[in-house]
Protein chains: 2
Amino acid sequence: MFGGVEAGGTKFVCGIGTGPDDLVTAHFPTTTPEQTLRSVNDFFSRHNGGPLQAIGIGSFGPVDLDPASRHFGHITSTPKQGWQYVDLAGLLRQALNLPVALDTDVNAALLGEARWGAAQGLQDAIYITIGTGVGGGAMVHGQVVHGLVHPEMGHLHLPHDWTADPFPGLCPFHGDCLEGLASGPAVQARWKQPAHTLPPDHPAWTIEARYLALAVMNLTVTLSPQRIIIGGGVMQQPHLFPLVRNEFARIMNSYVRHPHLSTGLDEYIQPPALGGRAGVLGSLVLAESALHQAEGSR
Amino acid sequence: MFGGVEAGGTKFVCGIGTGPDDLVTAHFPTTTPEQTLRSVNDFFSRHNGGPLQAIGIGSFGPVDLDPASRHFGHITSTPKQGWQYVDLAGLLRQALNLPVALDTDVNAALLGEARWGAAQGLQDAIYITIGTGVGGGAMVHGQVVHGLVHPEMGHLHLPHDWTADPFPGLCPFHGDCLEGLASGPAVQARWKQPAHTLPPDHPAWTIEARYLALAVMNLTVTLSPQRIIIGGGVMQQPHLFPLVRNEFARIMNSYVRHPHLSTGLDEYIQPPALGGRAGVLGSLVLAESALHQAEGSR
């Protein structure tokens, strides 16, 4: 039995279980680190369905994933008030006295989709989320990518046609990067109404699909994944997927040739099969790896 | 003793040896497949310094790297006249009766740099080449990335400021993708003179550095590599590296924080240590893997 935490900037989702058919969850608003982590600890401590073996955390970032770093397991330079350099993994490890593994929220979601969802059986896949922010994680050779820090796909720089879309973008670091142009808040700022209130035939979706398709193009030519899963609140519009697939095909223009990239686009670009539970389920996969690592080091 | 082939659209470079200090090379113009491969076979057959154990090939692409495909080891839909669907690996394997491994030219160059050059000891690195075309390869978790097909980083889509740079780009598939805007032929078409004849203070280099820095930005946020090596004919201008590093720092705007991305930029973005020999040396690494695979399957 594992515990999982999806640590988000708005809420923390905690889960206990072994998979999609055996999962109890609870969620708490993200307030101060002290208060939020107390709720998390209480949830896991109250659990009485047998002993937990390990905890996995998929967290908002940036997070330090370098085992050699003194900030390993910390959230680092987040703009989120009060959460800078919080030792998320360490505090939970101490409080619960269990092995803990931490990764980015998007890597956790990808691990969940790889185990039980839309990336099952794949070695090379990408998960991106389009919500309050835009983030992405990648799996290569069957393992999630960390590298120097970890991927931050939300900040891809893309062509921006200022005539078609005069909105300047709202990323505080880059203005019109992917997150600046295509996140939920960007859609809301551009059209002066929340994304979910815009009807399917609104021009907002053509523009949104354009940026997402450009991102899919760049991810495709950089990583050559077998599949790209797009989740997050903005993608709750089913009509958006066909728009993205068509625009991607137009941009790619048959340059990279593979059946997945022509007749197989419905599978190549798809929503998460686990929906909003991908993150917390993926945290269970992280917990499993924490247990294996703890067993290996004993 | 291994044999390596860097198969380019203009010339084939063949080498025999064990590393940078023990390498004999020869090169042949790329004419028809029959004539070119005859030259390659003659070179390896004439060799009399002890038996060759295996051959590695780093090839221009696209190439089919999927062992399950009927075109495995072939060059596929290249625009290069006469070379479509040539079974490069199979023909050399037959002619020389040796184990043969094939990968992209840029993956081979990256393998060479990882063994003997600027990516030694790294697990996550990228090699891009800016020449007649633009291509790139990546190493993740210490292994080169193939994925669905293989990376084609030359076709990244980047912001294009039409006021600062009205040149429309010359990629036949995408117009103003990275290759369309920043390859050697693109520089030549934009300024009506070859890149190597443009003086260091020519505005061409500011524009070139801008596109290369945007590419480095996108590769950084997608793969989070430990290092990005930039080779190829256009990079034979040493003044271009500081321009790219400065522009990258300006674009990144301290969003992803790591010493390598601030004070360490001279190392983060650097030329290949093996220069023009990275490809043929990397082919020796491929040859070694071909031998191991052949031994493993016996």
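Residues numbered from 1 in each chain as written. Chains lettered and ligands numbered in written order. Predicted model: local features only at pLDDT ≥ 70, side-chain atom pairs only at ≥ 80, totals over all residues. Heavy atoms only, no water.

Considering the sheet that holds strand β6 (residues 125–130) of chain A
Backbone-to-backbone hydrogen bonds pair the strands of a sheet. The strands run either parallel or antiparallel.
All names here are of chain A.
Then, number 1: Taken in spatial order, the 5 strands line up as β8-β7-β6-β9-β10 in an open sheet, and their pairing is mixed. Of all the strands in the sheet, the pair left with one neighbour each is β8 (143–144) and β10 (269–270).
Then, number 2: Where β6 and strand β9 (residues 227–231) come together, 5 bridges link them in parallel fashion. By the bridge assignment for β9, tyrosine 127 is matched with isoleucine 229.
Then, number 3: Along the sheet face, helix α3 (residues 105–116) touches β6, β7 (134–140), β8 and β9 and points at about 50° away from the line of β7. (Pairing = 2+ DSSP bridges. Helix = DSSP H or I, 4+ residues; strand = E, 2+ residues; numbered from the N terminus. Contact = heavy atoms within 4.5 Å. Axes fitted to C-alpha atoms, helices over the stretch in contact; angles between N-to-C directions.)

As for the sheet that holds strand β2 (residues 11–19) of chain B
Residue and element names in this part refer to chain B.
Then, number 1: In space, the 5 strands of this open sheet follow the order β3-β2-β1-β4-β5, with mixed pairing throughout. The open sheet terminates on both sides in strands that have one partner only, identified here as β3 (22–29) and β5 (100–104). Each strand of the sheet is rotated relative to its neighbour by a mean of 15°, with strand direction disregarded.
Then, number 2: With 6 bridges connecting them, strand β1 (residues 2–7) and strand β4 (residues 54–59) associate as parallel partners. Within β4, the position partnered with alanine 7 by the bridge is serine 59.

Comments concerning helix α9 (residues 278–297) of chain B
All names here are of chain B.
Then, number 1: The first and last C-alpha atoms of α9 sit 29 Å apart over 20 residues, in line with the 28 Å expected at 1.5 Å per residue.
Then, number 2: If you check which residues of α9 are buried, you get Ala278, Gly279, Val280, Leu281, Gly282, Ser283, Leu284, Val285, Leu286, Ala287, Ala290 and Leu291.
Then, number 3: In the core, the buried residues of α9 are packed alongside β1, β2, β3, β4, β5 and α3 (105–116). (Expected span 1.5 Å × (residues − 1). Buried < 20%, exposed > 50% of the residue type's maximum accessible area, 1.4 Å probe, protein only.)

Describing the domain arrangement of chain A
Residues and elements named next belong to chain A.
Then, number 1: Here chain A is partitioned into domain 1 (2–108 + 276–296) and domain 2 (118–271).
Then, number 2: Contact with domain 1, which involves 7 residues of that partner, is made by 12 residues of domain 2.
Then, number 3: Taken together, the two surfaces of domain 1 and domain 2 that pack against each other cover about 770 Å², and 61% of this comes from carbon and sulfur.
Then, number 4: Per-residue buried area on domain 1 facing domain 2 is highest for Leu65, Val106 and Asn107; these three make up 59% of the total on that side.
Then, number 5: Linking domain 1 with domain 2 are 0 salt bridges.
Then, number 6: Joining domain 1 to domain 2, the criterion identifies 3 residue pairs in polar contact (both at pLDDT 80 or more).
Then, number 7: Of all the secondary structure elements, the ones that give two or more residues to the side of domain 1 that touches domain 2 are β5 (100–104) and α3. (Domains from an automatic or database assignment. Buried area = accessible area lost by both parts, 1.4 Å probe. Salt bridge = Lys/Arg side-chain N within 4 Å of Asp/Glu carboxyl O. Polar contact = N/O pair within 3.5 Å; in protein donor to acceptor, adjacent residues only side chain to side chain.)

Re the packing of aromatic side chains
Then, number 1: Enumeration according to the criterion identifies 12 aromatic pairs over all chains in this entry.
Then, number 2: Summarising the aromatic geometry, the rings of phenylalanine 28 of chain B and phenylalanine 43 of chain B are spaced 6.4 Å apart at their centres and angled 65° between planes, so their arrangement reads as edge-to-face. Here phenylalanine 28 of chain B is found in strand β3, whereas its partner phenylalanine 43 of chain B is found in helix α1 (residues 33–46), with 15 residues between them in sequence. Here phenylalanine 28 of chain B matches phenylalanine 43 of chain B in class, with each residue buried.
Then, number 3: Each residue in the set Phe12, Phe60 and Trp83 of chain A is aromatic and connected to the rest through ring pairs, giving one cluster. (Phe/Tyr/Trp six-rings, centres within 6.5 Å; stacked < 30°, edge-to-face > 60°.)

Notes on helix α6 (residues 203–223) of chain B
Residue and element names in this part refer to chain B.
Then, number 1: Taking 1.5 Å as the rise per residue, α6 with 21 residues should run 30 Å; its terminal C-alpha atoms sit 30 Å apart, in good agreement.
Then, number 2: Summarising burial for α6: 18 of the 21 residues are buried, a large majority.
Then, number 3: Looking at the residues trailing α6, positive phi occurs at serine 224, about 50°.

Observations regarding the interface of chain B and chain A
How big an interface is tends to be stated in terms of accessible area lost as the parts join.
Then, number 1: Across the contact, 43 residues belong to chain B and 43 residues belong to chain A.
Then, number 2: Of all residues in chain B, Leu148, Thr222 and Tyr255 of chain B give up the largest surface area on contact with chain A, accounting jointly for 20% of the area buried on that side.
Then, number 3: One can count 0 salt bridges joining chain B with chain A.
Then, number 4: For the side of chain B that touches chain A, the secondary structure elements donating two or more residues are β8 (143–144), α6 and α7 (240–252) of chain B.
Then, number 5: The biggest single contributor to the side of chain B that touches chain A is α6 of chain B, with 7 residues.
Then, number 6: By residue class, the composition of the side of chain B that touches chain A is 23 nonpolar, 17 polar and 3 charged. (Nonpolar A, V, L, I, M, F, W, Y, C, P; charged D, E, K, R; others polar.)

Description of the environment of alanine 54 of chain A
Residues and elements named next belong to chain A.
Then, number 1: Along the chain, alanine 54 turns up in the loop between α1 (33–46) and β4 (55–59).
Then, number 2: The class for alanine 54 is buried, based on a relative accessible area of 0%.
Then, number 3: Separated by 63 residues in the primary sequence, alanine 54 and glycine 117 have C-alpha atoms spaced 22 Å apart.

Re the pairing of β1 of chain B
Residues and elements named next belong to chain B.
Then, number 1: Most of β1 sits out of view: 5 of its 6 residues are buried.
Then, number 2: Here β1 runs beside β2; their pairing, made up of 6 bridges, is antiparallel. Bridge pairing in β2 places alanine 7 opposite phenylalanine 12.
Then, number 3: The hairpin formed by β1 and β2 contains 3 residues between the paired strands.

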